Amino acid sequence: MKATLIVKNAAQVVTSKDALHAPLTGERQGEVTVYEKGAVAVADDKIVAVGTTEEVFAQVETDSETVIIDARCKVVLPGLVDPHTHVVFGGSREHELALKLEGVPYLEILARGGGILSSVEATRAASEADLVDAGIKYCRQMLAQGTTTAEAKSGYGLSTDAEIKTLQAVRQVDGAQPLDLVPTFLGAHAVPKEYKGEPDRYLDLVIEEMLPLVVEKKLARYCDVFCEEGVFSVEQSRRVLSAARDKGLGLKMHADEIVPLGGAELAAELGAVSADHLLVVSDKGIKRMAEEGVIAVILPGTTFYLKEEHYAPGRKMIEAGVPVALATDFNPGSSPNNNLQLIINIACLYLRMTPAEVINAITINASHALGRASEIGSIEVGKNADMVIFDAPNYDYLAYRYGTNLVSRVVKNGRLVVEV
Ligand code: NIG
Ligand code: FE
């Protein structure tokens, strides 16, 4: 078979194996295969061989058109997958930094009409083209930092028009640059000011008007809700998620972030693909997630940026058999970071996860959290040729260095899209 692109001589090619059908849990969360002096061969957009450089060259043919990338002294990973972002939004919120430093709590800023609601004003005021331009810029930053697929939530529109505008912008951003986006409808992200004090009436609009349109226009694959004190209760979250499930969407939740309401238990009850945040998840919630195979998408960059004292119990969840993924939660308020490399550092240091567990969390388990594990998330024959090459002598080095972009090259669908 003729290879169109080969990455060769890597210090390490690092990947999970045989986890296409279920995410990695328990001890397997930390199992990676390492090919030293490794190589990966690609034909068009698919991986056709992986192994040592010698093994790979024995399996494929090359000609003058084959792109050969020498990855000497470098580490090759599957393209990183960021399974929780709010990458399309209007404006920014640096003006809230002062309030935050004065000690005004996150939910208090929201209750005063700032926070998410300030981004809602900016997003409503933006045109679809403005949202697309900003979204492309952020996706290009993410790609340059090694992310090749990401989730993208709506949720800063909170009116039918503005939610549809956001999801249409997500679709355009997806098509306009190499990083792939998986869209999620988050109409239930906050109660907009027109419905202040009337969350149930707002949810009527979400369920009766927005959801049917989103489904009809095929604008989302998942539905999410911010289940939190002062935002949406467990009962209200159950209502919106059940309606979404009936319409064929997969389910996600912002669960048990600040106040332990029992979001994890609800995610398990409804068969959600993931429950995200989970700083204050209960033992019962952990047990139920393990039983139902709900993926914990932990967002430690948000914990860091909100200056919360306690991180989500990542180690405990792994030991309880919950599959763990990690994401940036990139958004204009609680986490204006879109670099998964920083998440590697924070997860190792504060969630007490090993570098191998973290790598699986931002590749294969993250791809399961987006329903894409048969195509992406590992370097295995037949999968999409998405890879990131880091200027690192081994994969531990990725957890050791921080604050520098270590990406050397990114390959997306078999094409070299970033070269530093
Ligand atoms: O995941 N928690 C709710 N939603 C986002 C924050 C949104 C914002 O502050 O703009 C989150 O942290
Ligand atoms: Fe979020």
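Everything numeric here is computed off the predicted structure, so don't read it as measured data.

Our focus in this paragraph is the sheet that holds strand β6 (residues 80-82). Judged by pairing direction, the sheet is parallel, and its eight strands sit side by side in the order β6-β7-β8-β9-β10-β11-β12-β13 without closing on themselves. In this open sheet, the two edge strands, each paired with only one partner strand, are β6 and β13 (324-326). Going from strand to strand, the sheet's axes swing by 25° on average, the running direction of each strand aside. Across three bridges, β6 lies against strand β7 (residues 147-153) in parallel orientation. Bridged to Val 81 within β7 is Thr 149.

A few words now on empty space enclosed by the protein. A water-sized probe, rolled over the atoms, reveals where empty space remains. The full count for this structure, using the stated rule, is one cavity of 30 Å³ or more. The calculated volume of the largest cavity comes to roughly 100 Å³. Taken together, 13 residues make up the lining of the largest cavity; nearest its centre are His 86, Tyr 106, His 189, Asn 331 and Ser 334. The residue inventory of the lining of the largest cavity, partitioned by class, reads four nonpolar, six polar and three charged.

If a residue is not glycine, its phi is most likely negative; likewise, a peptide bond is most likely trans. A positive phi angle is found at Asp 256, which is not glycine, with a value near 50°. Within the secondary structure, Asp 256 is located in the loop between β10 (250-255) and α9 (263-270).

Turning next to the site of ligand 1. Around ligand 1 lies a shell of 16 residues, among which Arg 93, Tyr 106, Tyr 156, His 189 and Ser 334 are the nearest. Residue Tyr 106 places a side-chain N or O atom 2.4 Å away from an oxygen atom belonging to ligand 1. Between a nitrogen atom of ligand 1 and a side-chain N or O atom of Glu 257, the distance comes to 3.2 Å. Contact with the protein chains covers 100% of the free accessible surface of ligand 1, which is 320 Å². When each cavity is represented as a set of grid points, ligand 1 is found to reside in the largest cavity. When grouped by side-chain class, the residues that make up the shell around ligand 1 number four nonpolar, nine polar and three charged.

Once that is clear, we can look at helix α5 (residues 128-144). Taking 1.5 Å as the rise per residue, α5 with 17 residues should run 24 Å; its terminal C-alpha atoms sit 24 Å apart, in good agreement. What α5 keeps buried is the set Leu 131, Val 132, Ala 134, Gly 135, Ile 136, Tyr 138, Cys 139, Met 142 and Leu 143. The first or second residue beyond α5 is Gly 146, which carries a positive phi of 105°.

Once that is clear, we can look at the packing of aromatic side chains. One pass over the structure, following the stated rule, counts seven aromatic pairs. Centroid distance Phe 89 to Tyr 138: 5.2 Å. Interplanar angle 25°. Geometry classified as stacked. Of this pair, Phe 89 sits in the loop between β6 and α2 (97-102) while Tyr 138 is found in helix α5, placing the two residues 49 residues apart along the sequence. The residues Phe 89 and Tyr 138 share a single accessibility class, namely buried. Counting every residue linked through ring pairs, the aromatic cluster contains Phe 89, Tyr 138, Tyr 156 and Phe 330.

A word on the side chain of Thr 328. Among the secondary structure elements, Thr 328 is positioned in the loop between β13 and α13 (340-350). Residue classification places Thr 328 among the buried residues on the basis of a relative accessible area of 0%. A distance of 2.6 Å separates the side chain of Thr 328 from the side chain of Asp 82, its partner in a polar contact. Beyond its immediate sequence surroundings of up to four residues, Thr 328 is in contact with Asp 82, His 84, Thr 85, Thr 302, Ser 335, Asn 337, Asn 338, Asn 339, Leu 340 and Ile 343.

This next bit is on the pattern of salt bridges. Per the stated rule, a full pass over the model turns up 25 salt bridges. Across the pair Asp 386 and Lys 412 runs a salt bridge, and its minimum N-O distance is 2.8 Å. Here the residue Asp 386 occupies a position in the loop between α15 (364-369) and β14 (387-390), and Lys 412 occupies one in strand β15 (residues 407-412), the gap between them amounting to 26 residues. For Asp 386, a relative accessible area of 4% translates into the label buried. Among the ionic contacts, a cluster of salt bridges with common partners joins Lys 287, Arg 288, Glu 291 and Glu 292.

Before going further, it helps to spend a moment on the nonpolar core. By size, the foremost hydrophobic cluster in this structure holds 107 residues, and its most contacted members are Met 317 and Leu 326. Excluding anything up to four places from it in sequence, Met 317 contacts Leu 278, Val 281, Ile 286, Ala 296, Ile 298, Ala 312, Val 322 and Val 324. In this structure, Leu 5, Tyr 35, Val 40 and Val 42 belong to the second largest nonpolar core, which totals 17 residues.

What follows covers the packing of helix α6 (residues 160-176) against helix α7 (residues 199-216). The contact between α6 and α7 brings their axes to 10 Å, and the two run at 30°. With respect to their mutual orientation, α6 and α7 come out roughly parallel. For the pair α6 and α7, the sense of crossing is right-handed. Taken together, the residues of α7 that come into contact with α6 (itself represented by Thr 160, Glu 163, Ile 164 and Leu 167) are Leu 205, Glu 209, Met 210, Leu 213 and Val 214.

Each value, and the rule that gives it
Residues numbered from 1 in each chain as written. Chains lettered and ligands numbered in written order. Predicted model: local features only at pLDDT ≥ 70, side-chain atom pairs only at ≥ 80, totals over all residues. Heavy atoms only, no water. Pairing = 2+ DSSP bridges. Helix = DSSP H or I, 4+ residues; strand = E, 2+ residues; numbered from the N terminus. Axes fitted to C-alpha atoms, helices over the stretch in contact; angles between N-to-C directions. 1 Å grid on protein atoms, 1.4 Å probe; cavity = no way out; pocket = protein on both sides within 12 Å on 5 of 7 lines; lining within 4 Å. Points joined across faces, edges and corners; volume = space filled by probe spheres on them. Nonpolar A, V, L, I, M, F, W, Y, C, P; charged D, E, K, R; others polar. Near = heavy atom within 4 Å. Polar contact = N/O pair within 3.5 Å; in protein donor to acceptor, adjacent residues only side chain to side chain. Areas by Shrake-Rupley, 256 points an atom, 1.4 Å probe, with all protein chains shown as cover. Sits in = over half its atoms within 2 Å of the grid points. Expected span 1.5 Å × (residues − 1). Buried < 20%, exposed > 50% of the residue type's maximum accessible area, 1.4 Å probe, protein only. Phe/Tyr/Trp six-rings, centres within 6.5 Å; stacked < 30°, edge-to-face > 60°. Contact = heavy atoms within 4.5 Å. Salt bridge = Lys/Arg side-chain N within 4 Å of Asp/Glu carboxyl O. Core = buried A, V, L, I, M, F, W, Y, C linked by side-chain atoms within 4.5 Å. Parallel < 35°, antiparallel > 145°, perpendicular 65-115°, else oblique. Left-handed = near helix turned anticlockwise from the far one by under 90°.

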